[in-house]
Amino acid sequence: MSLSTRTSLAERDHVELYEKNGSSRVKWWHAIFFFSGISVLCCLCQLFLPYPYGLMMTSTQIAEVGIAPGCGGGLERCICPRETICATDTLSIILLALARCSAFFDYPLYMMMFLSKCHNINNVCRRTVLREWIDFGDMHKVHRLFGIIVGIETMFHSFFHMLRWGLNADIGLLWRTTTGISGLVATIITPLICWPMVIPAIKERLAFEVRKGLHYLSIVWAITLLFHSTSMIYYLIGIPALMYLVDYLFGYFVRNSLIENAFFERYGENGVALHFLNPPNWDKKPKTSYVYVMCPWISKYQWHAFTIFPEPTKENHTMMCIENSGDWTKELHKKIRVPCLRPLYVLGPYKSPFSDAAVTTSNAIAVASGIGITPTLSLVLNYAGKKRINVVWVCRDPGLVEYILHKFDIGAVTEKSYAFIFYTGTRELAMPKDLPANIFIFTGRPHLEHTITGIVTAIHSGHGLPEEIYEAQEKIASAPFDQRMKIALSRVVEIYNKDEMFEYAVEETEKAAAAAVSKAQVLESRNGTVDTAPLDDSDPETAPLLFPPDEVPEGQVSLIGLDSMIYEFLGGIGEYSRSDIEALFHEIDSDGSGFIDRDEFDDFIGMITTESRTLSNSQHELLSAMERSMDVRRSSIDSSVHRSTHNNILGNDTTIRYMQNLLKYSEGDNPLEDWSIFYCGGSNEIAQILREVTSKYNIDFAVEKFDW
């Protein structure tokens, strides 16, 4: 949920616009329209049944009321129990029926608009058997949809009444009667309540706080309706509005916690992360949830909702990431110049719709864009080891990607799942050295159908299970580097030509030397002198050279050339340190010249090949693990940052055909009924693509989207 428009994913209140599509198109809230239909039927009976069962009266009866002399237009019966609903001719009766039916249709919607925002009541009901019939994750969608309908029909209701009064020369009723005044007030404030929340042009021009403040005019709107009619409106509006008020006050005073020492820090260039000890009334590990946050040193009146997730390095601690994208979040980012401790209030937590959908399937793919990764991480952390929740994250913020990768051991919590990160930013990422084998990072946007079918195919078919890759990497990581490298190299020389490997190492040596020369020229242009001293050992760009750039012998390999060759051809050997590669280099450089010539390289390969013929059982196991890992090693795909994967896992036309055949030969059953896909983010394009893909393959789909 932080979970776009100018409102931002981070600045959200009442945020869960939750959409779900699956095999059933009938939703629980469709039943509300059934009750609306019953309400309209009651309205028609009330209007057209003869008095005293209804309002249809004879001329004599109307004359006795004293408002009108009787029915006009030759009618035997008409309606006139009181002056505001007096209709004595055919046109007036039609206009009155249209006005009242629109209001009666909305009565159940009025109730649900208030009940859908009773967060504390809904939070309790999520844990009861009611969840089997009511998807409480739909509540904001219900609120928004019903609000739009009521907003439209309120205008229709007012228009038909005022048209009838105007035609009958009774327009003065608009300001002479309680019904008219209350209706006029409701008509005026309805656009102020609804339009800023649903019309994009207005949403983009008004600050979130202004739109939210206008939306609270709904309280005034509800009060005016209590005075608008003498019917059952007191109960239909009054009781739900009172429940909302009690629920709100309960949350504000009972579920509101002061965090005196929350730790704030910036992540990257565009966001703030905060950490705090869970309040005493919280669970030690809250489920996928969100809270409302108020920082009194920014504003004592503004509450904003953000996803929370367990602090990965501290027990009984919670954290959240807040993207710098709105007025309030920009002010927060501005004030957090250095890591600091500051107070804040948190209201909640309230369960996220993500948690409702996730519990229904054993396999899931959580797609996120930008800061939408926060509810996804919360979901992954809460279901780690219990369900396969694969992650596909599209993000252009390098600071957020780096913070998440360094802060969370994503590989450990997704050891039975895949994590694909598609980085669309421009700055180069500062990557951790020990990324697990089941995490793949690419530059560029994903082909979502390929990616999804690749993940499903790998897990459904059992060929390419992520836990096998993870276990293989664990075995590799526990073995010494020289043993891993030599065993892998013995297998690689059976696949690649030695000449090809050596030539690649020479080319990389020459590229590094050229880059070092270019850097020296830049320094010369800045300082006016040429630095002929050995290159700085701490500079990551030149440290692997360990020699001046103009002293590279032709056709020989430097340390950086050897490192590049190992990374390209032996991608499955796991991580290694600077000292590991230096020790290997000195072992191959038998004459101590600082470079590897072709003879030294051939001698080393020959020694490795001879040793590989007498591998022990443990070495054979290590070789098998490395072969599995090398299946997903870095390939020639230019977009890969960390490593690519073989096409079957990343997905291609073959995985699409696999999925199509799976459905084609399923004999009526849904072979993917235990799969679901979630999306959290502000990209309508991604959401639409996912709708099409999930519809095509009959997979349940849910969207948590924040467009307030």
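Residues numbered from 1 in each chain as written. Predicted model: local features only at pLDDT ≥ 70, side-chain atom pairs only at ≥ 80, totals over all residues. Heavy atoms only, no water.

## Things to note about the overall build of the chain
- Summing up its helical and strand segments, the chain has 27 helices and 16 strands in all.
- Looking at the chain residue by residue over its 708 residues, the buried ones come to 53%.
- Of the roughly 32,200 Å² that the chain leaves accessible, carbon and sulfur atoms contribute 56%. (Helix = DSSP H or I, 4+ residues; strand = E, 2+ residues; numbered from the N terminus. Buried < 20%, exposed > 50% of the residue type's maximum accessible area, 1.4 Å probe, protein only. Areas by Shrake-Rupley, 256 points an atom, 1.4 Å probe, with all protein chains shown as cover.)

## A closer look at the UniProt feature "transmembrane region" (unreviewed entry) in the chain
- Under the local residue numbering, the UniProt record ascribes the feature "transmembrane region" (unreviewed entry) to residues 28-49, 91-110, 145-163, 183-202 and 214-237.
- Each end of residues 145-163 is marked by a C-alpha atom, and these two atoms are 27 Å apart; helix forms 100% of the span and strand 0%.
- Its end C-alpha atoms 25 Å apart, residues 183-202 is made of 95% helix and 0% strand. (UniProt positions renumbered as here; feature names shortened; annotations may be inferred.)

## With respect to the sheet that holds strand 6 (residues 289-294)
- Pairing is antiparallel around the closed barrel formed by 6 strands, whose spatial order is 4-5-8-7-6-9. The average angle at which neighbouring strand axes cross in this sheet is 45°, direction not considered.
- Looking at chain direction, strand 4 (residues 256-267) and strand 5 (residues 271-277) are connected through 5 bridges and run antiparallel. Counterpart to Arg266 in the pairing with strand 5 is Val272.
- Of the strands in this sheet, strand 4, strand 5 and strand 8 (317-323) are in contact with helix 15 (residues 398-407), which crosses strand 4 at around 110°. (Pairing = 2+ DSSP bridges. Axes fitted to C-alpha atoms, helices over the stretch in contact; angles between N-to-C directions. Contact = heavy atoms within 4.5 Å.)

## As for unusual backbone geometry
- Note the cis peptide between Tyr51 and Pro52, where omega equals 15°.
- Of note, Pro52 is situated in the loop between helix 1 (30-48) and strand 2 (56-58).
- Of the consecutive residues Gly348 and Pro349, the connecting peptide bond is found in the cis state with omega at 5°.
- Mapped onto the fold, Pro349 is located in strand 9 (residues 340-351).
- The phi dihedral of Ala169 falls on the positive side, at around 60°, and the residue is not glycine.
- Checked against the element boundaries, Ala169 lands in the loop between helix 5 (139-167) and helix 6 (173-176).
- Assessed through its relative accessible area of 67%, Ala169 is described here as exposed.
- Of note, the phi angle at Asn316 is positive, near 60°, even though the residue is not glycine.
- You can see Asn316 is positioned in the loop between strand 7 (304-310) and strand 8.

## Topic: the pattern of salt bridges
- Tallied over the full model, the rule gives 7 salt bridges.
- A salt bridge links Lys335 to Glu331; its shortest N-O distance comes to 3.6 Å. With Lys335 and Glu331 both in helix 12 (residues 327-335) and 4 residues apart, the pair spans about one turn of that helix.
- You can call Lys335 partly exposed: its relative accessible area is 31%.
- Residue Glu331 is classed as partly exposed on the basis of its relative accessible area, which comes to 29%.
- With a shortest N-O distance of 2.3 Å, Asp499 and Arg598 are connected by a salt bridge. In this pair, Asp499 is assigned in helix 20 (residues 498-527) and Arg598 in helix 23 (residues 598-612), connecting sequence segments 99 residues apart. (Salt bridge = Lys/Arg side-chain N within 4 Å of Asp/Glu carboxyl O.)

## Concerning the environment of Ile308
- Topologically, Ile308 is positioned in strand 7.
- Expressed as a C-alpha distance, the spacing of Ile308 and Thr374, which sit 66 residues apart in the sequence, is 7.4 Å.

## As for the nonpolar core
- The biggest cluster of nonpolar side chains holds 48 residues, and the ones touching the most others in it are Leu47, Ile62, Ile79, Tyr110, Met112, Phe146 and Trp221.
- Sorting the residues of this core by element identifies helix 1, strand 2, strand 3 (77-79), helix 3 (90-115), helix 5, helix 7 (178-198), helix 10 (218-226) and helix 11 (233-253) as the ones contributing at least two each.
- Not counting the four nearest positions on each side in its chain, Ile79 is found in contact with Leu47, Leu55, Met56, Ile62, Ile85, Cys86, Ala87, Thr88, Ile93 and Leu96.
- Within the second largest apolar cluster, 33 residues are counted, among which are Phe309, Leu377, Tyr403 and Leu405. (Core = buried A, V, L, I, M, F, W, Y, C linked by side-chain atoms within 4.5 Å.)

## Quick word on a nonpolar patch on the surface
- Taken together, the side chains of Tyr216, Ile219, Ile223, Phe227, Leu242, Leu245, Val246, Tyr248, Leu249, Phe250, Phe253 and Val254 present a nonpolar region at the surface, about 1,200 Å² in accessible area.
- Top contributing element to the nonpolar patch by residue count: helix 11, with 7 residues.
- For Ile223, the location among the structural elements is in helix 10. (Patch = residues over 30% accessible without salt bridge, like charges linked within 9 Å, V, L, I, M, F, W, Y side chains within 5 Å.)

## A short note on the packing of aromatic side chains
- The final tally for this structure, using the stated rule, is 26 aromatic pairs.
- Between Tyr290 and Tyr292, the aromatic rings sit 5.8 Å apart at their centres with planes inclined by 80°, giving edge-to-face as the arrangement. The pair Tyr290 / Tyr292 is uniform in exposure class, with both members buried.
- With a centroid separation of 5.2 Å and an interplanar angle of 20°, the aromatic rings of Phe422 and Phe442 are classed as stacked. Here Phe442 lies in strand 13 (residues 439-443) and Phe422 lies in strand 12 (residues 419-423), a separation of 20 residues in the sequence. The same class applies to Phe422 as to Phe442, namely buried.
- Taken together through their ring pairs, the aromatic side chains of Phe114, Tyr244, Tyr248, Tyr252, Phe253 and Trp303 make up a single cluster.
- Above the plane of the ring of Trp297 lies Arg342, whose end atom (NZ or CZ) is 4.6 Å from the centre. (Phe/Tyr/Trp six-rings, centres within 6.5 Å; stacked < 30°, edge-to-face > 60°. Lys NZ or Arg CZ within 6 Å of the ring centre and 35° of its normal.)

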